[in-house]
Amino acid sequence: MSYVDEVIERVITQNPAQPEFHQAVREVLDTLRPVIDEKEQRYRDVALLERMTTPERQILFRVPWVDDNGKVHVNNGFRVQFNSAIGPYKGGLRFHPSVNLGIIKFLGFEQIFKNSLTSLPIGGAKGGSDFDPKGKSDREVMMFCQSFMTELYKHIGADSDVPAGDIGVGGREIGYLYGQYKRLTGLYEGVLTGKSLNFGGSLVRTEATGYGLVYLVEEMLNDNNDSFKDKTVVVSGSGNVAIYAIEKAQQLGAKVVTCCDSTGWIYDPDGIDLELLKDVKEVRRARLTEYAAKRPGAQYHEGVGVWTVPCDIALPCATQNELHLADAKMLIANGCKVVGEGANMPTTLDATTYLQKSGVMFTPGKASNAGGVATSALEMSQNSERTSWTFEQVDAKLQQIMKNIYHNCADAANEYNMPGNLVAGANIAGFRKVADAMNAQGIV
Ligand code: NDP
Ligand code: 2IT
């Protein structure tokens, strides 16, 4: 059996009932075969792939908190510190009822390669909880965040592990988490990113993931003598990544006609009214029914359905495994030519393969959503320097980083005779830097 197959089997046996983690490992290792084959014996001798697929450390903890009625709740807390070969652990915190160890491990594993692609010195990690912020009062969210940090603070620091946001964790949660860290440690340091601007946050961090996605896809389109201008775009999600992907796509002249949340989706043939969407989602934290109520030309549908709408470009920006094989077939039948992943692993493996085989230009999340963590690393730099850069400075750096990621992935794919296969290119380019660093640092 090949080394890659042995390690895939080992991961499945040693991590039972963690299908998302298996999926992420399989996708990465499958595309690394040509790279591993070149030095298979060397990699085997140092158990490189066994080490790379095993987190350096997994922290599991209890998070008790009291709601507004005095009732006590207990949630599970996680931080998986996956790989620190190229920098301190870095990656978001997800608060969502679906969170479990397997999901955090898949996200932490992906983060290793994504962070490597940014070219900035950050290792891979992820954390979170099965706490559901939806429907909770601000006070309840604060109680939860304080309890979560009361355990987490022992394991993080500005030079060791720097969490940020993800699903269910935005500026409000980062603020509460930061306040509690500071209170417990007495340190005013850049231990979290995604902070508000008045206590060490960076301009552009809020917009960075969505903007970065569109910058990378635009670079890919330019490389193929095309652009976002006058394209019809479908977007899933209506959170941080979706909103700023819609904003940048509109700025580049595209018409975005859909968005969704976990209960339903919007088709707005005149193009999404972004000001209204921001008010519904960012200010009022309400459902999309409220968007439809204020926008007579828009249709609201219960359930899922954005992939049924004809488009040129699809940007999945909600969550993992939200775009299945049947969706891929529908997109292609309706003329879709480009799929750019804003979420982490939103496309299933069979759907990804189908899209690629059908000639759709496909960018994997670890490349196209890396603008968020890259700008987090820029926030860390500004915190270390005790300075803050202008919007234009950070945005220019973000644009350059996304262009470089696209070209590095495309070049790596070409090098291994897989032109246009950015899934392989991203995994290969991300892997090489981490593998070289791990080899140089010995058996640790
Ligand atoms: P948000 O919490 O801001 O928004 C998430 C959006 O997706 C909401 O519209 C939410 O709907 C929807 N959603 C979440 N879970 C589900 C689900 N299980 N089924 C259906 N819809 C769902 O999160 P972000 O925008 O920050 O994150 C979106 C994706 O992007 C995630 O995959 C995340 O890992 C990834 N990402 C985020 C980065 C960041 O900087 N924030 C960086 C890189 C990647 P509802 O409100 O109803 O739950
Ligand atoms: O998936 C991701 O890259 C994020 N949620 C952002 C992580 C970060 O540290 O900014």
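Just above sits the structure.
Residues numbered from 1 in each chain as written. Chains lettered and ligands numbered in written order. Predicted model: local features only at pLDDT ≥ 70, side-chain atom pairs only at ≥ 80, totals over all residues. Heavy atoms only, no water.

Q: I'm lost on the site of ligand 1 in this one. Help?
A: In the region of ligand 1, 25 residues are neighbours, and Asp166, Thr209, Ser262, Arg287 and Asn344 sit closest. At a separation of 2.9 Å, an oxygen atom of ligand 1 approaches a polar backbone atom of Gly168. The protein chains hide 83% of the 880 Å² of surface that ligand 1 would expose on its own. Mapped by element, the contributors of at least two residues to the shell around ligand 1 are helix H8 (205–223) and helix H9 (240–251). Among the residues forming the shell around ligand 1, the class breakdown is six nonpolar, twelve polar and seven charged. (Near = heavy atom within 4 Å. Polar contact = N/O pair within 3.5 Å; in protein donor to acceptor, adjacent residues only side chain to side chain. Areas by Shrake-Rupley, 256 points an atom, 1.4 Å probe, with all protein chains shown as cover. Helix = DSSP H or I, 4+ residues; strand = E, 2+ residues; numbered from the N terminus. Nonpolar A, V, L, I, M, F, W, Y, C, P; charged D, E, K, R; others polar.)

Q: Looking at this model, I keep getting lost on the site of ligand 2. Mind explaining?
A: Around ligand 2 sit 14 residues, and of these Lys90, Lys114, Asp166, Arg205 and Ser376 come closest. Within the side chain of Gln111, a nitrogen or oxygen atom sits 3.0 Å from an oxygen atom of ligand 2. One of the side-chain nitrogen or oxygen atoms of Arg205 is found 3.0 Å away from an oxygen atom of ligand 2. Among the secondary structure elements, those contributing two or more residues to the shell around ligand 2 are strand S3 (89–95), helix H5 (101–117) and helix H15 (371–385).

Q: Explain the sheet that holds strand S8 (residues 258–260) to me, please; I cannot follow it from the model alone.
A: An order of S8-S9-S10 is seen for the three strands of this open sheet, with the pairing classed as antiparallel. In this open sheet, the two strands that pair with only one neighbour each are S8 and strand S10 (299–302). With strand direction ignored, the average angle separating the axes of adjacent strands in the sheet is 20°. (Pairing = 2+ DSSP bridges. Axes fitted to C-alpha atoms, helices over the stretch in contact; angles between N-to-C directions.)

Q: Help me understand the packing of H8 against H9, please; the structure alone is not making it clear to me.
A: Helix packing geometry: the angle between the two helix axes and the distance between the axes. For the pair H8 and H9, the least separation of the axes is 7 Å and the interaxial angle reads 50°. In terms of orientation, H8 lies oblique with respect to H9. For the crossing formed where H8 meets H9, the hand is right-handed. Touching Thr206, Glu207, Thr209, Gly210, Tyr211, Leu213, Val214 and Tyr215 of H8 are Asn240, Val241, Tyr244, Ala245, Glu247, Lys248, Ala249 and Gln251, all from H9. Of the residues belonging to the contact of H8 with H9, the class tally is eight nonpolar, five polar and three charged. (Parallel < 35°, antiparallel > 145°, perpendicular 65-115°, else oblique. Left-handed = near helix turned anticlockwise from the far one by under 90°. Contact = heavy atoms within 4.5 Å.)

Q: Is there a simple way to think about the sheet that holds strand S12 (residues 338–340) in this case?
A: Pairing between sheet strands relies on hydrogen bonds along the backbone, with the strands arranged either parallel or antiparallel. As summarised here, the arrangement of the five strands in space is S7-S6-S11-S12-S13, forming an open sheet in which the pairing is parallel. In the strand order of this sheet, the two ends are held by strand S7 (255–256) and strand S13 (361–363), each with one partner. Direction of pairing for strand S6 (residues 232–236) relative to S7: parallel, over a ladder of two bridges. Looking across to S7, one finds that Val233 is bridged to Val256.

Q: Teacher, can you tell me more about the nonpolar core here?
A: One broad rule of soluble globular proteins: the nonpolar side chains tend to lie buried together. Ranked by size, the top nonpolar core spans 103 residues in total, and within it Leu315 and Phe431 carry the most contacts. At ten residues, helix H17 (residues 422–440) tops the list of elements feeding residues into this core. Residues within four places of Phe431 in sequence aside, it is in contact with Leu32, Val35, Ile36, Tyr43, Leu48, Leu49, Met52 and Phe113. By size, the runner-up hydrophobic cluster in this structure holds 22 residues, among which are Phe131, Ile174, Tyr181 and Phe199. (Core = buried A, V, L, I, M, F, W, Y, C linked by side-chain atoms within 4.5 Å. Buried < 20%, exposed > 50% of the residue type's maximum accessible area, 1.4 Å probe, protein only.)

Worth remembering: the numbers are spatial, not functional.
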